[in-house]
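# Structural characterization, general
Read off the chains here:
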Amino acid sequence: MSKMEVKTSLLDNMIGVGDMVLLEPLSEDSFIENLRKRFDHNEIYTYIGSVVISMNPYRSLPIFTPEKVEEYRNRNFYELSPHIYALADEAYRSLRDQDKDQCILITGESGAGKTEASKLVMSYVAAVCGKGQEVNKVKEQLLQSNPVLEAFGNAKTVRNDNSSRFGKYMDIEFDFKGDPLGGVISNYLLEKSRVVKQPRGERNFHVFYQLLSGASDDTLKKLKLDRDFSKYNYLSLDSAVVNGLDDAANFRTVRNAMQIVGFMEDEVQSVLELVAAVLKLGDIEFKPESRCNGTDESRIKDKNDLKEMCELLGIEQSVLERAFSYRTVEARLEKVSTTLNVAQAYYARDALAKNLYSRLFSWLVTRINESIKAQTKARHKVMGVLDIYGFEIFEDNSFEQFIINYCNEKLQQIFIELTLREEQEEYVREGIEWTNIEYFNNAIICDLIENHQNGILAMLDEECLRPGTVTDETFLDKLNTICAEHQHFESRLSKNSKFLTDHSLPHNCFRIQHYAGKVLYRAEGFVDKNNDLLYRDLSQAMYKANHSLIKQLFPEGNPAKVNLKRPPTAGFQFRASVGTLMKNLQTKNPNYIRCIKPNDKKASHIFTDSLVCHQVRYLGLMENVRVRRAGYAFRQAYEPCLERYKMLCKRTWPHWRGPAREGVEVLMADLPVPAEEFSYGRSKIFIRNPRTLFFLEERRRQCLQDLATLIQKIYRGWKCRSHFLLLKKSQIVVAAWYRRYAQEKKYQKIKSATTVVQSYTRGWQARKLLRELKYQKRCEEAVTTISAFWHGTQARMELRRLKQEARNKHAVTVIWAYWQGTKARRELRTLKEEARRKHAVAVIWAYWQGLKVRREYRKFFRANAGKKIYDFTIQRIMQKYFLGLKSTMPSVSPIDKSWPANPYRFLDGVHTELRRIFHLWRCKKYRSQFTEEKKAVYEEKLEASEIFKDKKALYPSSVSQPFKGDYLEISKNPKYQKLHSAVDEKVLLADVVNKINRANGKGTARIFLLTKKSVVLADQKTGQVKASVPLPDLASVSVSTQSDGFFALRLKEGSASAVKGDFLLSSDHLIEIITKLHRTGATAADSEQLDIDISDEFLLQFKHDKVCVKFIQGAPKNGNSVSCKRKNNRLLEVSVPTTA
C-alpha cells in the first residue's frame, strides 16, 4: 500500500459495532442484533478485543482475494475492518518479529466453518511468508495435507456436508526469517463409530464414496469392489449422493495430494486395500448355530466376502473365521476359549472395522508428519492451529459428546485464564493499576470430570477395570453415590434434581451444568465405548497377515510380545491428550476464532436468532466481552490517538510539535471528559467506558464536517481566483493573437494587389512576344510547305519512270518462263513414252519366263498344288478377316451389344466365339476397375434382382437408386452417439422406418439398425433401444407384390424375441433392407437361410393373436400414399394406390 493511500480504521464506515467491547448498551439482545446487522451487510467478522467472531456465510464472498491479502499484510490489528486475515497477520508478525510462539484456537459447532477458517489462516500465512523452491515445496505439502485428512476424517452430517469428525492440532514450524520449515499434526478422538453406523441423513467418511466413484475400473477390480453403494452395509444409501460434492473429482484430488505430500505408490495402494477391506468387513453376516452342549455359537453365512477380504489383506481365511467364532481369555498360565454368539460376533466384526479404520487414520497422520516435519534440528518458531469440535448439545448425548464437551470446558478454562493474564500483563506493562475481575471459574466443572479420585472419567475407568458384572447402570449408580451433592451434577437420585417435578430427567441419564448450559447425557453405551475392546484373537489374526501395513497397525497381536495388561481406556487416552494439549497451548500466545453457524438450513442470507443465541451462550462470548470490559473497554497508542482526534483541540490542530503523550494530555484536558473515564499508560491511553469513545467519535465527526466546509470554502475561493486569472491571461493572449491576425490580413491584401498588377504586366509582355513568335513561325512553315510540294512532284515523276521500266522487264521474264515450260513438258512426254515401252517389254518377258517355268515344273505340282493353294487362300482370307475385324471393333463398354457383320459364312462359329470372348474380356476389364465396396453394392443389386425381379412392383424404381446403407450417419451424428455406443457390432444399415401399431394401423417412427448378428429398433427422439432381435430368431420376411414399402419380420416360435410377437414395418428403402437381411442371414455361421415370402396376403403373430395382413389396390388417398387400417381383430388391410 502506498503512503498516500487512505487507511480505513475499525471505527470508520462502521456497520453496527466492529468490536463488541464497544457495544453500548451491552446485553444479549443487543449482541445478537449487532451480529445480525453486520451479517445482513456481508460483514461476517466481528471482534471481541483480539478475538474474532466468524459467521458462516454459506456462499463465496469477494473478501479472500490476493488483493485482500496484500491489504492486510503488515497492518495493525485495529487499522482495518475486522477480518480473519488481520488475526493471522498479527499472529505471524508476532512470531516473526517478537519471537513469540503462537497458537490459533478455532472453535464452534459442526457447520460453523472451523475447517474453512483453518484453511484461510494457513493460506494467508503461506501467501505472506517467504518464497523459494524449498519453501514453496514445504508450503505445498502443508496445504495438501488438508485434502488427505478431510477425505479420511470428514463426513456429511445433517448440519454440515463436510464436517470434521476428528480434532486436529497442527504445529507449523518457521525459521528465524519467518519461512516455514515443516509441521507436526496431532489428531484427537476420531469418530470411529461412524464407520459401522451413521445417523439417518448422514454419510460415512468421504473416502469410501470417493473410492467407489472415482477409482478406475482396473483399480476397483484389483480391490474386488463394485461401484454400487447399495452392496455395502456400512454405507448409508439415503444420503450417498450430496449436491455440490463431486466424489470422483475429489478422489483424484486426494490421490494428487498424497503424491505431493510424499506417499509412495505402494503405500497408496496399501491404504486403498485397507479401505476396501473395511467395506468388505461390513458385508460379513452371521447365523446362529446350536452346539450339542446347548450353547449358541455363530457361523458366517456367505464366506465369499470373507474370502475376498482375506485375499486383500493376505490373511488365512480359517484364522480370521475362527477369530470371529471364538474368544480366547488368558489369565496367567491358563487359556480359556469360549464361543461367540451372533450378537458377540457382530460386535467383534464392528470392533475390528472401527479399530482398523482408526489405526489407519492414525498411521496416515504419522506418515504425513514424517513428510512435513522440519529437517533441521535448530530451534524453531512455532505457530499452532487448533481445529476442534465445538460444544455439542444434541437430543441424544452420549460418551462422544461428554468428552467433546469436557475438552471445550478445558479450552474455556484456558481461554479465561489466558485472557485475564493478557489483560493483567498489559496493565502492568502500561503502569495501570490492576483491579481483580469477578468471573465464573469453570475449574469446578473440570474437576468434576477429570479428578483422578472422584472424577467422572476416573469412576468410569474404575468400573471398566473392576471384575464382575459391569453395566451402564452400575456406573450411573456409582455416580449417584459419589457425585450426588455436587452442585453441577444432577440425576434422579442426586440432591440437586427435583425429580418430583422434573420429568425431563430419565432414570438412565444424568445432567451436568456446563459453562455453556445444562447437558443431559444418556449413560447407555458409556462403558462399552470407554472400553473400546478388540478381542486378542482378532489382533493376533491381523498380525498374521502378509500385508505390510497391517502388521504395523496391530503390534499387540505379536505372540512374542503378549501383554496381559489391559489397554488404556478411551477416556484415559483422551484426558491425557487434552492435558498435553493444554500444556502446549499455555506455552504459546493464544489467538481465538469463534465460529458461529447462522442457520441450520445451510442457506445464505438466513439468520436464526435462537440458534445464534444458543451458540453465543455456549461459546461464552458474553462472558468474554464482560471480562474484556471489566477494566478499560478501549485502549490505543498515543500516536494514532493523537492523529485521529487532534482536530478536537486548537492547540493540537493542525500539527503538534511535542511528544505524542503530551499532545494527548493537552487534547483530553481541553475536552469535557471526566478524569476517571480515562487513564494514561506508558505507551497507550486507556478509555474506561464505550460512551466516552463514542463521544470522541461524534465530536470528531462534527469537526470533520466543519473542516470539510472550511476546505470546501477555501477550495472554491482558490478555484474562482484561478479561473479569473486564467480568463485574464486568456484575454491578453486572445488580443495579441487578434492584432497579429489583423496585420497578417492587411499584409495579405497588399501582397495580393501587387501580385495582380505583376500578373497583368507579365501577361501583356507574354502576349506581345507570342504574336512575334507566331508570325515568325508562319513564315517558316510557308517555306517548308512550298519546298515539300516541289520535292513531291519530282519524286512522283521518278516513280512513274521506274514503274514503266519494271513492267517492261517483267513481261520479258514471263515470256521466257512460258517458253521454258513448254520445252520441259515436251521432254517429259518423250521420257514417259520410252519408259512405258521398256515396262511393257519387261512384263511380257516375265510372263514368258513364268509360262516356261510352269510348263517345266507342272508335273511336280499336280499332287500338292490344290492343298497349298487352298491353305494359302484360306490364310489370306483369315488375314483379311482379322484385319477387317480390327478396324470395325465395337467399344469396350459391357452394355454395347453391337458386333461387325460376318463377311464369310464359313466363319460363323469363329465369329460367334470371338464375340463371346471379347464380351467376357471387356467385362473382366470393367470389373477390375471396381473397389471392394462397389463390388459389394453390385452383388447386393444382383441379389436384389434375383429376389424381386418380376415379383415386386416396387423393384424397377429401386434399380437406379444406389444402396447407401447408413442413411443416418450414426457414427458421426452426435445425436445418436449414445445409441452407437450401445451397439457393439458394426452397423450395416441404419434408417428410419415406421413401426405399424397392431391396434390401429398407424405408424410410429423408429430407428432400424442391422448388424451382423441382430436387428435393433430404437426410439428416434431419445435413441433408447426398444427391441433387439438376434438374426437366428428370424424365421422369414414377408412382403407384398405391389409398390408399397411394407414388410413383416416373422420370428421363430419359442424364441426369446417372440414374446411380443412379429413386427410389421414400412420403409422407403424396402428393397435394400430385405436384400441386406437376406445376405446377412446367409453369411452368418449360426443362422439358417432367411426365407423371403412375396405375397399379397400373409399371417402375423401379434402376442397371442394371429392377424392377417392383406394388400389391395385402391384409389389414391391422402396425397397418393399407402394407408393401413385395422378392419377387425383378425385383419389388417393395406390400401396401395394404383400406379398409372
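Let me begin by describing the structure that accompanies this report. Computed from a predicted structure; not experimentally measured. (Residues numbered from 1 in each chain as written. Predicted model: local features only at pLDDT ≥ 70, side-chain atom pairs only at ≥ 80, totals over all residues. Heavy atoms only, no water.)

## Quick look at the overall build of the chain
Scanning the chain from terminus to terminus reveals 31 helices and 31 strands. In terms of overall size, the chain is more extended than a compact globule, its C-alpha atoms giving a radius of gyration of 56 Å where 1140 residues would be expected to give roughly 32 Å. When the backbone C-alpha atoms are referred to their principal axes, the chain occupies close to 170 × 135 × 70 Å. Expressed as a percentage of contacts within the chain between residues at least 6 apart in sequence, the contacts between residues at least 24 apart total 63%. Positive and negative charge centroids in the chain, built from 180 and 140 side chains respectively, lie 16 Å apart. (Helix = DSSP H or I, 4+ residues; strand = E, 2+ residues; numbered from the N terminus. Rg over C-alpha atoms; globule rule 2.2 N^0.38 Å. Contact = heavy atoms within 4.5 Å. Lys, Arg positive; Asp, Glu negative; His and termini not counted. Charge placed at Lys NZ, Arg CZ, Asp CG, Glu CD.)

## As for the packing of helix 15 (residues 456-465) against helix 16 (residues 472-482)
For the pair helix 15 and helix 16, the least separation of the axes is 10 Å and the interaxial angle reads 140°. Between helix 15 and helix 16, the angle falls in the class oblique. The chirality of how helix 15 crosses helix 16 is right-handed. Contacts from Ile-456, Met-459, Leu-460, Glu-462 and Glu-463 in helix 15 reach Thr-474, Phe-475, Lys-478, Leu-479 and Ile-482 in helix 16. Here the contact of helix 15 with helix 16 is built from residues that sort into six nonpolar, one polar and three charged. (Axes fitted to C-alpha atoms, helices over the stretch in contact; angles between N-to-C directions. Parallel < 35°, antiparallel > 145°, perpendicular 65-115°, else oblique. Left-handed = near helix turned anticlockwise from the far one by under 90°. Nonpolar A, V, L, I, M, F, W, Y, C, P; charged D, E, K, R; others polar.)

## With respect to helix 22 (residues 621-629)
In terms of burial, helix 22 is a largely internal element, seven of the nine residues being buried. For helix 22, the set of buried residues is Leu-621, Met-622, Asn-624, Val-625, Val-627, Arg-628 and Arg-629. (Buried < 20%, exposed > 50% of the residue type's maximum accessible area, 1.4 Å probe, protein only.)

## Quick word on unusual backbone geometry
In this structure, the amide linkage connecting Glu-24 to the following residue, Pro-25, adopts the cis form with an omega of -5°. Its location among the elements puts Pro-25 in the segment before helix 1 (28-40). The omega torsion of the bond from Trp-653 to Pro-654 falls at 0°, within 30 degrees of zero and hence cis. As for its position among the elements, Pro-654 is in the loop between helix 23 (638-645) and helix 24 (660-670). Positive phi outside glycine occurs at His-605, with the angle close to 65°. Here His-605 lies in the loop between strand 16 (589-596) and helix 21 (609-618). The class of His-605 is exposed, set by a relative accessible area of 56%.

## Things to note about helix 1
Spanning 13 residues, helix 1 covers 18 Å between terminal C-alpha atoms, matching the ideal 18 Å at 1.5 Å per step. All of the buried residues in helix 1 are Ser-30, Phe-31, Ile-32, Asn-34, Leu-35, Arg-38 and Phe-39. Tucked into the core, helix 1 has its buried residues touching strand 1 (45-48), strand 2 (51-55), strand 16, helix 21 and helix 22. Just downstream of helix 1, Asn-42 is the residue with a positive phi angle, here 65°. (Expected span 1.5 Å × (residues − 1).)

## Brief notes about the nonpolar core
One recurring pattern in soluble globular proteins is that nonpolar side chains are buried together. Phe-31, Phe-152, Phe-208, Leu-320, Phe-324 and Leu-585 are the most contacted members of the largest nonpolar core, which totals 208 residues. A per-element tally of this core places helix 12 (residues 342-372) first, with 14 residues. The residues contacting Phe-152, other than those within four sequence positions of it, are Phe-205, Val-207, Val-271, Val-275, Tyr-357, Leu-360, Phe-361 and Leu-364. The next biggest cluster of nonpolar side chains, apart from the first, holds 28 residues, and it includes Phe-948, Val-1037, Leu-1051 and Ile-1071. (Core = buried A, V, L, I, M, F, W, Y, C linked by side-chain atoms within 4.5 Å.)

## Details of the pairing of strand 24 (residues 1034-1039)
For strand 24, a buried count of five out of six residues is recorded, marking the element as mostly surrounded by other parts of the structure. Taking the residues that link successive antiparallel strands as the turn, the strand 24-strand 25 (residues 1046-1051) hairpin has six residues. As defined by bridge partners, strand 24 adjoins strand 27 (residues 1091-1094) across four bridges and the pair is classed as parallel. Note on strand 27: the bridge partner recorded for Ser-1038 is Asp-1093. (Pairing = 2+ DSSP bridges.)

## So, the pattern of salt bridges
Inspection of the entire model under this criterion finds 51 salt bridges. The salt bridge partner of Asp-179 is Lys-177, with a shortest N-O separation of 3.9 Å. Given the relative accessible area of 10%, Asp-179 is considered buried. Taking the shortest distance from any N to any O, the salt bridge between Arg-299 and Glu-297 comes out at 2.9 Å. (Salt bridge = Lys/Arg side-chain N within 4 Å of Asp/Glu carboxyl O.)

## Section: the sheet that holds strand 31 (residues 1131-1137)
As summarised here, the arrangement of the four strands in space is 28-29-31-30, forming an open sheet in which the pairing is mixed. Taken across any chain shown, the strands that pair with only one partner, and hence form the sheet edges, are strand 28 (1097-1102) and strand 30 (1123-1128). Averaged over neighbouring strand pairs, the angle between their axes works out to 30° when direction is ignored. With five bridges joining them, strand 30 and strand 31 adopt antiparallel strand pairing. The partner of Asn-1128 across the bridge, within strand 31, is Leu-1131.

## Considerations on the environment of Leu-671
Inspection of the secondary structure puts Leu-671 in the loop between helix 24 and strand 18 (678-680). Taking the relative accessible area as the measure of exposure, Leu-671 reaches 5% and is therefore buried. Along the sequence, Leu-671 and Phe-634 sit 37 residues apart, while their C-alpha atoms lie 18 Å from each other. Excluding residues within four positions of it along the chain, Leu-671 makes contact with Leu-648, Leu-696 and Arg-699.

## Observations concerning the sheet that holds strand 14 (residues 509-514)
Spatial ordering of the open sheet is given by 13-14-15, a layout of three strands whose pairing is antiparallel. In the strand order of this sheet, the two ends are held by strand 13 (489-490) and strand 15 (517-522), each with one partner.

## Considerations on the environment of Gln-344
Secondary-structure assignment places Gln-344 in helix 12. For Gln-344 and Glu-297, which are 47 residues apart along the polypeptide, the C-alpha to C-alpha distance reads 9.3 Å. Excluding anything up to four places from it in sequence, Gln-344 contacts Thr-339 and Tyr-535.

## Structural notes on the packing of aromatic side chains
In total, this model carries 29 aromatic pairs according to the counting rule given. Ring-pair connections join several aromatic residues into one group, and the members of that group are Phe-399, Phe-402, Phe-475, Phe-489, Phe-510, Tyr-521 and Phe-526. We note Arg-367 situated over the ring of Phe-263; from NZ or CZ to the ring centre the distance is 5.2 Å. Lys-551 extends its terminal NZ or CZ atom over the ring of Tyr-543, reaching a point 4.5 Å from the ring centre. (Phe/Tyr/Trp six-rings, centres within 6.5 Å; stacked < 30°, edge-to-face > 60°. Lys NZ or Arg CZ within 6 Å of the ring centre and 35° of its normal.)

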